[in-house]
Amino acid sequence: MAKNIKKFVNPKFTRTIGLGPMRRLLERHREALALDLSILDGDPGAARAAIQDFFAGPEDNYSDGLVADLHRIAELGDADGLRLLLDVADRLCIAIAPGRDPDGGETCQDPKHLALRVFLDFPLVFETASDMLAMAARSSLAEYAGVEEGIEAEVSDETKAAFEAAAAKMFEADHRGCYCRVGWYTDADEVNLVITHGSLVRTTPIVDSGAERVISFRAAEHAVLSYSAMAGRLKIGGVPKARSAEVAEMFAATMMQRPGFFAAQDAQNLYTLAPIERIGCGFTFNHAFDPGIREVQIVAAQADLMGVNPRTGQPRVLRSVSSRDGFDSALAGLSDGMRGEPFGNDWRLNHIDIRIHFDVGGRRPAKVAVKIKPPTSASFKRHRFEDRIMTLLRRNGLVHDRFADLAAIAAE
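Residues numbered from 1 in each chain as written. Predicted model: local features only at pLDDT ≥ 70, side-chain atom pairs only at ≥ 80, totals over all residues. Heavy atoms only, no water.

> Report on unusual backbone geometry, specifying residues and quantitative values.
For the bond running from Pro374 to Pro375, omega is 0°, close enough to zero to count as cis. Along the chain, Pro375 falls in the loop between β11 (366-373) and β12 (377-379). Backbone geometry places His175, a non-glycine residue, at a positive phi of 65°. Tracing the backbone shows His175 in the loop between α9 (157-173) and β2 (180-187). Note on His175: relative accessible area 58%, which makes it exposed. With a phi angle near 50°, Gln257 is a residue other than glycine that sits in the positive phi range. Positionally, Gln257 belongs in the loop between α10 (241-255) and α11 (274-279). Gln257 sits in the partly exposed class, given a relative accessible area of 42%. (Helix = DSSP H or I, 4+ residues; strand = E, 2+ residues; numbered from the N terminus. Buried < 20%, exposed > 50% of the residue type's maximum accessible area, 1.4 Å probe, protein only.)

Structural data, given as structure tokens:
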């Protein structure tokens, strides 16, 4: 943590940031700072030197609140964060004008400068962008398919309050404190939630004013939910595995008035590698339907030799074979380890890792890594290309189309 703070407040930053914004940031924590802010009323050069000395000094001089502020600003203080802040401001119809000098001329501000300015002057934009960043950071999500497609969530003050109260009660029961804030965001047919809550209490010894003492604190953590009415799917991240089904039920009961909506026996039977097992280790992805995909490589895979536990009669893994290859030969490596035996009753494909190359207009494509582990998991960073990745998986038969199966049964 401290290393990130040092990087954020390096000499380049403190020499170029306006003293006005820096004063406002420090004044938020005036009572807990080992710094006399009156130095900012004097010579600007001396003021900058004092600020630099302050941040170069012992970390005990920083208050917990200042550390938290600096980390939140640093998270959005790069090129990606800048784009996210401006995109959120545009969605909220909030104009963030470029910085100007006293004569009205253009000032050169790097992303950290803008992130600090938005933090101070546009808190709604900053909070929303921070929530969006937390959502994009989740790559491993628990997914639940509802019993129907096309069922909308009811987003009203009453349903939001009911969900937030239920979530707060759950986190408090898990000894994560009673603080719970939910950010609500809609995107096309999706309802997205970012839940900010406390972590388990941490206790650590520190040195303060030449003496040792012990402090206890809760760090902020985030859980994310995303529900698509069109697909009938709920995605949950940042929640302990043992609690994810409870959160899904909480959403169904409060936001949809449909208890049990995500509790079907096959609610998490979502992904399959059966098409690869049928074709064997010569399988290749078909991506011709999307001209923006240059290549799909299978870079890692694992196969399990299955047997039966003689004591319990339950299936068990007798042996596993793993293969990793950066040039799309991972399945061929599996074949060697399986001694040429086909997939079938004994050998099962456990998971695959693929790398998708997206054309973004430049010489180098954007690459996204995806891990598919049936029946519940497709893990990848979802801030870009999510719809196209899911379409690729569906078109290659790796996603269970539960409702198509139900329709076929009904037709018969």
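From this point, the narrative continues.
> Describe helix α7 (residues 111-121), listing the residues and the values that go with them.
Burial of α7 is extensive: eight of the 11 residues sit out of reach of the surface. Within α7, burial applies to His113, Leu114, Ala115, Leu116, Arg117, Val118, Phe119 and Leu120.

> Quick one: what's the story with α9, residue by residue and with numbers?
Between its terminal C-alpha atoms α9 stretches 24 Å, which fits the 24 Å expected from 17 residues at 1.5 Å a residue. Within the sequence span of α9, burial applies to Thr159, Phe163, Ala167, Ala168, Met170 and Phe171. Burial along α9 is one-sided: seen end-on, the buried residues are contained in an arc of 165°. Facing away from the buried surface of α9 by more than 90 degrees, the exposed residues are Asp157, Glu158 and Lys169. Check the buried side of α9 and you find it contacts β2, β3 (190-198), β6 (220-228) and α10. With its phi angle positive at about 65°, His175 sits one or two positions after the end of α9. (Expected span 1.5 Å × (residues − 1). Arc of directions from axis to C-beta. Contact = heavy atoms within 4.5 Å.)

> Tell me about the pattern of salt bridges, residues and numbers included.
Across all of its chains, the model carries 18 salt bridges by this definition. Between Arg181 and Glu127 there is a salt bridge, and its shortest N-O distance comes to 3.4 Å. Of this pair, Arg181 sits in strand β2 while Glu127 sits in helix α8 (residues 123-136); the two residues are 54 residues apart in sequence, bridging distant segments of the chain. When its relative accessible area of 24% is taken as the criterion, Arg181 is described as partly exposed. Its salt-bridge partner being Arg243, residue Asp174 comes within 2.7 Å of it at the nearest N-O pair. Of the two residues, Asp174 sits in the loop between α9 and β2 while Arg243 sits in helix α10, which places them 69 residues apart along the sequence. (Salt bridge = Lys/Arg side-chain N within 4 Å of Asp/Glu carboxyl O.)

Note that all results are geometric; they support no functional claim without further evidence.
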